[in-house]
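# Descriptive structure summary
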Amino acid sequence: IDDAMIRAALGGIHDPCSIAAGRPTNLFDMGMVLGWTLADGHVELRLAVTFAGCTMAPHFTEPARTALLALPGIRSAEVVV
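It should be emphasised that the depicted structure is a prediction, and the values quoted were computed from it without experimental measurement.

## Notes on the nonpolar core
Residues Leu10, Leu45 and Leu68 are the most contacted members of the largest nonpolar core, which totals 21 residues. At the level of secondary structure, the elements contributing two or more residues to this core comprise helix H1 (3-11), strand S1 (33-39), strand S2 (42-47), helix H3 (58-69) and strand S3 (76-80). Top contributing element to this core by residue count: H3, with four residues.

So this is what it looks like as structure tokens:
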């Protein structure tokens, strides 16, 4: 697994508020992806929300975790906001 595979997996996840506004924007384009670490089949994804009071985080953190777990060689995934 490499960074390009992780990017591709996360690139299809869109911020729910952008979808509601009729302008679906993925997490990268929203500037929400701070980075990730990958070691021994575990990936930790660090995300930032665009508004401190965001209540929509579970609507993109769980899809991100699911997308990461679907990658070959990933045994565990954690998403930290």
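## Re the pairing of S3
Burial of the side chains of S3 is restricted to one face: Ala77 and Val79 are buried, whereas none of Ser76, Glu78 and Val80 on the reverse face is. The sheet contact formed by S2 and S3 spans five bridges and is parallel. Note that in S3 the partner of Glu44 across the bridge is Glu78.

## Some points on H3
With twelve residues, H3 ought to run about 16 Å at 1.5 Å a step, and its terminal C-alpha atoms sit 16 Å apart, in line with that. Turning to H3, its buried residues number three or more, namely Phe60, Thr61, Ala64, Ala67 and Leu68. All buried residues of H3 project into a common sector of 130° when viewed along the axis, lining one side. Seen from the open side of H3, the exposed residues pointing more than 90 degrees away from its buried face are Pro58 and His59. Contacts made by the buried residues of H3 are with H1, helix H2 (16-20), S2 and S3.

## Some words on the environment of Thr61
Mapped onto the elements of the fold, Thr61 is located in helix H3. Assessed through its relative accessible area of 16%, Thr61 is described here as buried. Between the C-alpha atom of Thr61 and that of Arg46, which follows or precedes it by 15 residues, the distance is 9.8 Å. If near-sequence neighbours (up to four positions away) are discounted, Thr61 is found in contact with Leu47, Val79 and Val81.

## Quick word on the state of the cysteines
Considering all chains together, one arrives at zero disulfides under this definition. The cysteine Cys17 is free of any disulfide, with Cys54 supplying the nearest cysteine sulfur at 5.7 Å. Looking at Cys17, the relative accessible area reads 44%, which means it is partly exposed. Overall, the relative accessible area of 23% leaves Cys54 in the partly exposed class.

Quick notes on the rules
Residues numbered from 1 in each chain as written. Predicted model: local features only at pLDDT ≥ 70, side-chain atom pairs only at ≥ 80, totals over all residues. Heavy atoms only, no water. Core = buried A, V, L, I, M, F, W, Y, C linked by side-chain atoms within 4.5 Å. Buried < 20%, exposed > 50% of the residue type's maximum accessible area, 1.4 Å probe, protein only. Helix = DSSP H or I, 4+ residues; strand = E, 2+ residues; numbered from the N terminus. Pairing = 2+ DSSP bridges. Expected span 1.5 Å × (residues − 1). Arc of directions from axis to C-beta. Contact = heavy atoms within 4.5 Å. Disulfide = S-S within 2.5 Å.

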